[in-house]
Structures are given as C-alpha cells and as structure tokens.
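Notes for the structure review
Chain residues, written in single-letter form:
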Amino acid sequence: MSPNDFDGQVAAIRGFSRFYTRKLGIIEPKLLHSSFTLQEARILYEIAHRPACTATDLTRDLGLDPGFLSRTLQGLQRRQIVTRKPSKDDGRVNELSLTAKGRTAQAELERRAREEVGTLLAGLDAAQRAAIVGAMTTIEQTLERPAEKPAVFILRSHRPGDIGWVISSQAQAYAEEYGWDISYEALVAEICAQFIRSYDPSREHCWIAEASGERLGSVFLVNGGDDVAKLRLLLVEKEARGLGVGRALVEQCVRSAREKGYQEMTLWTQSILVAARGIYQAVGFRRVKEEPHHSFGVDLVGETWEMKL
C-alpha cells in the first residue's frame, strides 16, 4: 500500500479496529462475560472515578444520546447498581453514585479488564510491550483534537531503580521548595526500605506516573493493619504539575485499596502542602487531626486525613 493511498489507509484503520475489538471481546453482547454491556460498563467507570458525576457530565464526555443515557441509568437503578441524590451545591441537579452492589460490580469489571489485557501482554517481552504502549500513545496524541488534548501519561508498577528515584526526588523537591533538611531524606529512605523488605503485592503497591519514558510522580499504598490502608509519599515533579498526575495517582491508590478489601484509608500530610490537600479533599478524604511539630529542620503543622472505603 502506498503511503498516499488514502482509501487503503482507511481500510487499514477499519481492519485494525475490527481486530482490536475482537481481541478485547468488546463486540460481545455482554462485556467481559459480565451482565453489563459496553456502554453500561463505561458509565459505571465514569461514575466510580469522579468525585461528583451528573447525567449531563456523562452525555457530554461520553458522547451519549440523552435519551439513551436516561434509559440506561433507569435500568441500572432498577438493578440497584446506581443511585441518584440531589447535589449539595445545587439541589436542582441530581448526582450519580454507585451503590455498594455497584461498587462491587465495577471493581469486578476492572479486575476482568486487567486480566484480559494482561493475557494479551503476557506472551510478550518488555520491549514489545513498550512498543505497543508507545504506538497507542501516538495514535491517541495524533487523533485527539489539540484544543481537547489531555496530558498523556501512564501509571505503572514500580521497577528496579524506581524506589531509589523516589527517595532522591522526594528529598530534592522538599529541600528546594520548603527548605527541609536531610532528615526528611532519611525518613523517606526508611519508608522505602521497609516497603521493599515487607512488600506484599496482595495488600500493597507502588505506582509510578510516566510519560515518554520520563518519571513524573509516584505514590505508595501500604498496609497499616486492621484493614486500614495508608497512602504514602505522593509526589509530582514540578514540570508535571497541573496535568492531573497527582489526582490520577491518588485515585488509583484509593481504588486499589477498595479492591484489596481495606475498610478505611489514612494519610499524614502537612498544612503547607496545599495542592496535595486539595486532591485529598476532592477524592473524599477528611481531615480528622492536626498537630504542630518541629521536623526536618522547620516548624510544621501535621495533619491526619481519613476516608471510609
């Protein structure tokens, strides 16, 4: 096929689309052998991953017909998957949320989706997997309209070398931006060393945000005991701030804690970390304690935040 053969290029893209949907089972009547259609699964995903969600949001962002969306939501309500309640900010607007049954169903859909993609990638080596992700990123970046183009990054599990980067990045960022001394680096190193020594993948995880091979941020999910998960060491590199990296890392951490069966999540932060505190509040954490202290060479106000899962 000639590079300038437009009709051939159209046919190639259509062919790939058929191949990919078949590979992922998207054209089946029910997605991932579940009781949900693809559109229902998309709706559940959006509701689960937004701090607040309305039918108007879904119509706009998913490109759904309002009538179709209304009928679909009614069906999900009858199945006790989705519920509506008036918004705290505007009683004229109904916010959508998942019931306990809905959260369980959505978590199961995500688990099956990860397994499906994992099966596709399992027979490939690291270079082949990276090539696939790079090709997909290129497609997304090229076809997305520039005015609507979101920041493109991925969240991945930690690999050899990442924990050392976390320690270095945390120490440098807080020294440069807040004047913290080397005792903070010692604390981070201790936390990271403990994470490596006692790492239990069924209960804990570390995510690295990455774009074009460059690390942008990180967060840890750590077992705090008694069905309590801890969110630790959230960091977003200065050049990546404002792109949604921090929010994505925190939401992934919370989502994983729910999937792993934790009942509660907690974190310790400082009052001066305004951007991070804003993210915690937006995703559902509530400040339950604050206490002045002198640490890392400066006077601080420590805060404990908690969330029921």
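We now turn to the structure provided with this report. Values in this document were obtained by computation on a predicted structure and should not be read as measured data.

Conventions adopted
- Residues numbered from 1 in each chain as written.
- Predicted model: local features only at pLDDT ≥ 70, side-chain atom pairs only at ≥ 80, totals over all residues.
- Heavy atoms only, no water.
- Helix = DSSP H or I, 4+ residues; strand = E, 2+ residues; numbered from the N terminus.
- Rg over C-alpha atoms; globule rule 2.2 N^0.38 Å.
- Buried < 20%, exposed > 50% of the residue type's maximum accessible area, 1.4 Å probe, protein only.
- Contact = heavy atoms within 4.5 Å.
- Patch = residues over 30% accessible without salt bridge, like charges linked within 9 Å, V, L, I, M, F, W, Y side chains within 5 Å.
- Areas by Shrake-Rupley, 256 points an atom, 1.4 Å probe, with all protein chains shown as cover.
- Salt bridge = Lys/Arg side-chain N within 4 Å of Asp/Glu carboxyl O.
- Pairing = 2+ DSSP bridges.
- Axes fitted to C-alpha atoms, helices over the stretch in contact; angles between N-to-C directions.
- Phe/Tyr/Trp six-rings, centres within 6.5 Å; stacked < 30°, edge-to-face > 60°.
- Lys NZ or Arg CZ within 6 Å of the ring centre and 35° of its normal.
- Core = buried A, V, L, I, M, F, W, Y, C linked by side-chain atoms within 4.5 Å.

A few words on the overall build of the protein. Helix and strand counts for the protein come out as 10 helices and nine strands. Against the compact-globule benchmark of 19 Å for 309 residues, the protein has a radius of gyration of 22 Å, which places it among compact chains. Taken along its principal axes, the extent of the C-alpha atoms in the protein is 65 × 55 × 40 Å. Within the protein, the proportion of its 309 residues that are buried is 37%. Considering only contacts within the protein whose residues lie at least 6 apart along the sequence, 57% involve residues at least 24 apart.

Our next topic: a nonpolar patch on the surface. Residues F16, F19, I139 and L143 make up a contiguous nonpolar surface patch of about 410 Å² in total accessible area. Of all the secondary-structure elements, those providing two or more residues to the nonpolar patch are α1 (6–24) and α6 (126–143). The class of F19 is partly exposed, set by a relative accessible area of 35%.

Reading across from one edge, β3-β4-β5-β6-β7-β9-β8 is the order of the seven strands in this open sheet, with mixed pairing throughout. Pairing within the sheet leaves two strands with one partner each, and these edge strands are β3 (154–157) and β8 (286–295). Geometrically, the sheet is characterised by an average inter-axis angle of 25° between neighbouring strands, direction not taken into account. In this sheet, strand β9 (residues 298–308) lies alongside strand β7 (residues 264–270) in antiparallel orientation, the contact comprising seven bridges. The residue of β9 that forms the bridge with T269 is E303.

Quick look at the pairing of β9 now. Bridge count for β8 against β9 is nine bridges, and the pairing is antiparallel. The residue bridging E290 from the neighbouring strand is E303, located in β9. In this structure, the hairpin formed by β8 and β9 is closed by a connection of two residues, where F296 is found at a positive phi of approximately 60°.

Right, let's get into the packing of aromatic side chains. Summed over the entire model, instances satisfying the criterion amount to 11 aromatic pairs. With centroids separated by 5.0 Å and ring planes inclined at 40°, the aromatic side chains of F195 and Y199 adopt a geometry described as tilted. What makes Y199 partly exposed here is its relative accessible area of 29%. If you follow R203 out to its NZ or CZ, it ends over the ring of Y262, 3.9 Å from the centre.

Let's shift gears to the nonpolar core. Of all hydrophobic cores here, the largest spans 48 residues; its most connected members are F220, L231, V250, M265, Y280 and F285. No other element matches helix α9 (residues 245–259), which puts seven residues into this core. When neighbours within four sequence positions are excluded, Y280 is seen to be in contact with L231, L234, V250, L267, T269, F285 and W305.

By themselves these figures say nothing about function.
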